[in-house]
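Fold and geometry: a report
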Amino acid sequence: MEQKIGFCTGTDGARIAYATVGEGPGLVIIPGWISNVQKSWEEPEVRRFYESLALHHTLVHYDQRGNGLSDRNRTDFTLESDCQDLETVIDHLKLERLALFGLSLGGPVGIMYTARHSERVSHLILYDTFARGEAIGTDEVKKAFVSLVRAHWGIGSKTLADLFFPGASPTMVENFSKYQREGATPEMAVQLLGCVFKTDVAPICSNIQAPTLVLHRQHDHVVPFRLGRELASLIPNASFVPLEGDIHLPHFGDSMSVLRNIAGFLGDPVPKEFAGDTDGKVVPLSNLVEPKTEQKKVNWLRLDHPLVYIFATVLASVIAGIILTLFKC
């Protein structure tokens with residue numbers, strides 16, 4: 001399969017980049033923090049994941065404004081702005097009925113769109129996402145990370161790569177760090193982080209009428225498992241499936257479990273290579289207990305852990321001091 005990249009124009013004239021692959025009912029992937037429709041397709045794991053979804057669907061993924069191939073100039077950092085971009089892509093492609101797949105920051109965008117356009121959304125899939133961005137970590141941790149990214153995007157991107165891929169090889173961390181730096185400028189990355197932390201869709205979750213599947217890896221270090229559980233409890237009749245693993249992005253790690261659950265939810269034939277019993281089971285929320293991670297070596301590396309705050313604060317201060325010294329010389 002080969003994807004086709006195109007562009008559409010928002011109401012304010014901003015160009016939004018999107019890519020399509022496959023044929024069938026529309027399935028739109030809403031991007032997370034930083035994306036790039038061209039670079040992500042060049043990553044073998046991501047490409048295999050997308051091609052699997054495109055077996056029975058017209059798969060659409062796009063770059064939110066401010067990063068990737070979309071216009072980099074952005075001044076409105078609100079959930080409303082992100083939802084308008086999603087509406088622009090869907091309207092441009094004339095998708096009358098579609099399924100939405102919101103991952104990470106894309107989850108709240110999908111929730112807002114679905115709450116407004118229940119007649120157009122056949123299914124809503126939410127992966128490792130949240131209802132309240134403020135609950136991802138303490139104010140100190142969030143402030144420290146923003147300072148780190150602003151002071152040194154190189155070190156900041158590597159720190160975040162370690163969170164996204166705990167225990168990954170240096171090569172994988174470096175590749176993802178480079179992907180982040182190519183996708184957005186330091187200031188844009190900071191503004192998008194701020195957008196994550198101030199997002200709150202909890203008040204509108206009860207308005208969701210579409211069948212909803214909430215998937216969440218139990219040891220995710222970026223969006224804690226408890227937030228996925230909370231999100232599922234806020235959406236009427238949502239199905240909640242805990243998954244094993246700690247990698248934040250669905251394309252990596254046990255991606256087959258993610259694909260298998262999505263195929264079953266959408267009513268697609270499940271390919272033989274997806275077969276197995278390693279995926280999660282739908283669990284009643286009242287019976288679910290917060291899991292305890294067994295990976296003690298990386299357990300501290302979480303956005304909601306105080307050691308992360310200490311590390312990021314000290315590192316940002318050191319970098320700021322070095323920069324100040326160099327300017328004085």
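Our subject is the structure listed above.
So, here's what we can say about the structure. (Residues numbered from 1 in each chain as written. Predicted model: local features only at pLDDT ≥ 70, side-chain atom pairs only at ≥ 80, totals over all residues. Heavy atoms only, no water.)

Section: the sheet that holds strand 5 (residues 98-103)
Strands in a sheet are paired, the pairing made by backbone hydrogen bonds, and the direction either parallel or antiparallel. If you trace the eight strands from one edge of the open sheet to the other, you get 1-2-4-3-5-6-7-8, paired in mixed fashion. Two strands close off the open sheet at either side, each with one partner strand: strand 1 (4-9) and strand 8 (239-243). On average, adjacent strands in this sheet sit at an angle of 20 degrees to one another, irrespective of strand direction. Sheet topology note: the strand 1/strand 2 (residues 15-21) ladder contains six bridges and is antiparallel. Directly across from Phe7, in strand 2, lies its bridge partner Ala17. Running at roughly 115 degrees to strand 1, helix 3 (residues 79-92) makes contact with strand 1, strand 2, strand 3 (26-30), strand 4 (58-62) and strand 5 of the sheet. (Pairing = 2+ DSSP bridges. Helix = DSSP H or I, 4+ residues; strand = E, 2+ residues; numbered from the N terminus. Axes fitted to C-alpha atoms, helices over the stretch in contact; angles between N-to-C directions. Contact = heavy atoms within 4.5 Å.)

Considerations on helix 7 (residues 170-183)
Two residues of an α-helix separated by three or four positions point the same way, owing to the 3.6 residues in each turn. Over its 14 residues, helix 7 runs 20 Å from end to end, which matches the ideal 20 Å to within 8%, given 1.5 Å per residue. Among the structural elements, helix 1 (37-41) and helix 6 (153-164) are those in contact with the buried residues of helix 7. (Expected span 1.5 Å × (residues − 1).)

With respect to the pattern of salt bridges
Within this structure, the stated rule accounts for 14 salt bridges. With a shortest N-O distance of 3.1 Å, Arg47 and Glu51 are connected by a salt bridge. Placement of the pair is Arg47 and Glu51 together in helix 2 (residues 44-53), with a separation of four residues, close to one helical turn. Put simply, Lys142 and Asp139 hold a salt bridge, and the shortest N to O gap is 3.5 Å. With a gap of three residues between them, Lys142 and Asp139 both fall in helix 5 (residues 139-151), about one helical turn apart. According to the relative accessible area criterion, Asp139 is exposed, its value standing at 54%. (Salt bridge = Lys/Arg side-chain N within 4 Å of Asp/Glu carboxyl O. Buried < 20%, exposed > 50% of the residue type's maximum accessible area, 1.4 Å probe, protein only.)

Some details on the nonpolar core
With 58 residues, the main nonpolar core has Trp33, Leu53, Leu59, Phe101, Leu215 and Ile262 as its most contacted residues. When residues in this core are grouped by element, the largest group, seven residues, is from helix 8 (residues 186-198). Beyond its immediate stretch of four places on either side in the chain, Leu215 contacts Leu126, Tyr127, Asp128, Val241, Leu243, Val258, Asn261 and Ile262. Membership of the second largest hydrophobic core comes to 33 residues, among which are Val109, Val201, Ile208 and Ala210. (Core = buried A, V, L, I, M, F, W, Y, C linked by side-chain atoms within 4.5 Å.)

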